[in-house]
Amino acid sequence: MDSRKQLQARLSGAMTALVTPFREGDVDFARLRLQAERQIAGGISGLIPVGTTGESPTLEFDEHERVIATIVEVAARRVPVLAGVGANSTKEALHLHKFALSAGADYGLSVNPYYNKPTQEGLYRHFMTLADECPLPIVLYNIPGRTGITMTPATAARLAAHPNIVAIKEATGSLDIATEISTLCDLVMLSGDDSLTLPLMAVGATGVISVISNLLPDVVSSMVKLAVGGPKESAEARTIHRKMFPLIKGLFADGNPVGVKHAMHVTGLDAGEMRLPLVEASSGVKKQIEDALAASGLAVMPLGRLRPVSV
């Protein structure tokens, strides 16, 4: 198996886009370490620090780097680390890619440049520059709802020719786009939407970069493993998906990570506060989340043991 195939083979299963816990305005690194350990204990197959869920836009540069380094240290090669290294400036993104490589991250999760809305040629040159100038393997991140620009399947296929670009986190919400990407190239595909994990796996995704797994790492991991089994296992995966679905909708009703941080708070997994401009969930959304948690019948796993949801 060549090195590219080896890199791609590690990108499967349920991986967690970690929340960043804040306490009185500062990153709570002790809580961050506990959260990462709990994820590994829950069977998660990869950790993603400082992505969207990690409130990366509000982190200072030194905080961003320290969060990556902390997760690399905690992971200790037990699971791969896909560090959030995207930026709307190619120069800034390159700095983050190089830092993540030096810190020991296994991959860089690199989002489409946001706000400045480059053309497809601009996207291509941005990622080719990163791939040419830093050997950190790249997982592309296609999320137009956050960035204002969609990478087309044709552009993804052009980028897939570079040996250092190995995968794509697909969060367009379009099965057509996902299917076309998997038809045109050999990029590993990871779901970027918890509500679409099973449909995307049906068209070729190997797993998910999940938000809800901050709360339910063992449950999401189990669902993804069952999804690649036989008819009985696939039916069990669909059952888990349906149990989680109302909760997933609630978690995103006031934005991410607002919802998941509230769910973690009410289940004893306190992830701290948000940083402005994010604020806590509205009272209606809090109730929606709490009701969905109670109705799900799922168990929330504190570090080292299981306990029923109680809200």
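Further up the page is the structure itself.
Below: a short report on this structure.

Criteria and thresholds
Residues numbered from 1 in each chain as written. Predicted model: local features only at pLDDT ≥ 70, side-chain atom pairs only at ≥ 80, totals over all residues. Heavy atoms only, no water. 1 Å grid on protein atoms, 1.4 Å probe; cavity = no way out; pocket = protein on both sides within 12 Å on 5 of 7 lines; lining within 4 Å. Points joined across faces, edges and corners; volume = space filled by probe spheres on them. Helix = DSSP H or I, 4+ residues; strand = E, 2+ residues; numbered from the N terminus. Nonpolar A, V, L, I, M, F, W, Y, C, P; charged D, E, K, R; others polar. Salt bridge = Lys/Arg side-chain N within 4 Å of Asp/Glu carboxyl O. Buried < 20%, exposed > 50% of the residue type's maximum accessible area, 1.4 Å probe, protein only. Pairing = 2+ DSSP bridges. Polar contact = N/O pair within 3.5 Å; in protein donor to acceptor, adjacent residues only side chain to side chain. Core = buried A, V, L, I, M, F, W, Y, C linked by side-chain atoms within 4.5 Å. Phe/Tyr/Trp six-rings, centres within 6.5 Å; stacked < 30°, edge-to-face > 60°. Lys NZ or Arg CZ within 6 Å of the ring centre and 35° of its normal.

**Examining the layout of surface pockets**
Thought 1: Volume-wise, the largest pocket comes out at about 610 Å³.
Thought 2: Lining the largest pocket are 29 residues, with Gly51, Glu55, Ser56, Pro57 and Tyr114 sitting closest to its centre.
Thought 3: Elements with a contribution of two residues or more to the lining of the largest pocket: helix H3 (61-75), helix H4 (90-103), strand E6 (107-111) and helix H6 (144-147).
Thought 4: Grouping the amino acids of the lining of the largest pocket by side-chain chemistry returns 14 nonpolar, ten polar and five charged.
Thought 5: Taken together, 18 residues make up the lining of the second largest pocket; nearest its centre are Ile143, Gly192, Asp193, Asp194 and Phe252.

**Remarks on the pattern of salt bridges**
Thought 1: By the definition in use, this model includes 14 salt bridges.
Thought 2: Among the ionic pairs, Asp186 bridges to Lys5, the shortest N-O distance being 3.9 Å. With Asp186 in the loop between helix H8 (175-184) and strand E9 (188-191) and Lys5 in helix H1 (residues 3-9), this residue pair connects regions lying 181 residues apart in the sequence.
Thought 3: Residue Asp186 is classed as partly exposed on the basis of its relative accessible area of 37%.
Thought 4: The partner of Asp270 in a salt bridge is Arg23, and the shortest N-O contact between them spans 3.0 Å. Taken as a pair, Asp270 in the loop between helix H12 (258-266) and helix H13 (283-296) and Arg23 in strand E2 (residues 22-23) lie far apart in primary sequence, 247 residues in all.

**Overview of empty space enclosed by the protein**
Thought 1: One pass over the structure, following the stated rule, counts two cavities of 30 Å³ or more.
Thought 2: Here the largest cavity is characterised by a volume of approximately 40 Å³.
Thought 3: What lines the largest cavity is simply Glu170, Ala171, Thr172, Gly173, Ser174, Leu175, Ala178, Asp193, Leu196 and Leu200.
Thought 4: Broken down by class, the residue content of the lining of the largest cavity amounts to five nonpolar, three polar and two charged.
Thought 5: The wall of the second largest cavity is formed by Asp194, Thr197, Val208, Ile212, Val220, Met223, Met244 and Ile248.
Thought 6: When its residues are assigned to classes, the lining of the second largest cavity shows six nonpolar, one polar and one charged.

**Quick notes on the sheet that holds strand E5 (residues 82-84)**
By definition, the strands of a sheet pair up through backbone hydrogen bonds, in either a parallel or an antiparallel sense.
Thought 1: One open sheet holds the eight strands; their spatial order is E4-E1-E10-E9-E8-E7-E6-E5, and the pairing between them is parallel. At either end of the open sheet lies a strand with only one pairing partner, and these are strand E4 (47-48) and E5.
Thought 2: Note: strand E8 (residues 165-170) against E9, four bridges, orientation parallel. Residue pairing across strands places Ile168 opposite Met189, the latter belonging to E9.

**A look at the side chain of Asn164**
Thought 1: Looking at the secondary structure, you find Asn164 in the loop between helix H7 (153-160) and E8.
Thought 2: Within the structure, Asn164 has its side chain in polar contact with the backbone oxygen of Ala131 (distance 3.4 Å).

**Quick look at the nonpolar core**
Thought 1: Counting residues in hydrophobic clusters, the biggest one holds 87 residues, and the most contacted among them are Leu47, Leu140, Leu215, Leu216, Met244 and Leu247.
Thought 2: In this structure, Met15, Ala17, Val111 and Ile209 belong to the second largest nonpolar core, which totals 17 residues.

**A short note on the packing of aromatic side chains**
Thought 1: One pass over the full model with this rule turns up zero aromatic pairs.
Thought 2: The ring of Phe29 carries the charged tip of Arg66 above its face, separated from the ring centre by 3.8 Å.
Thought 3: Looking at Arg158, its charged tip hangs above the ring of Tyr124, at a distance of 3.6 Å from the centre.

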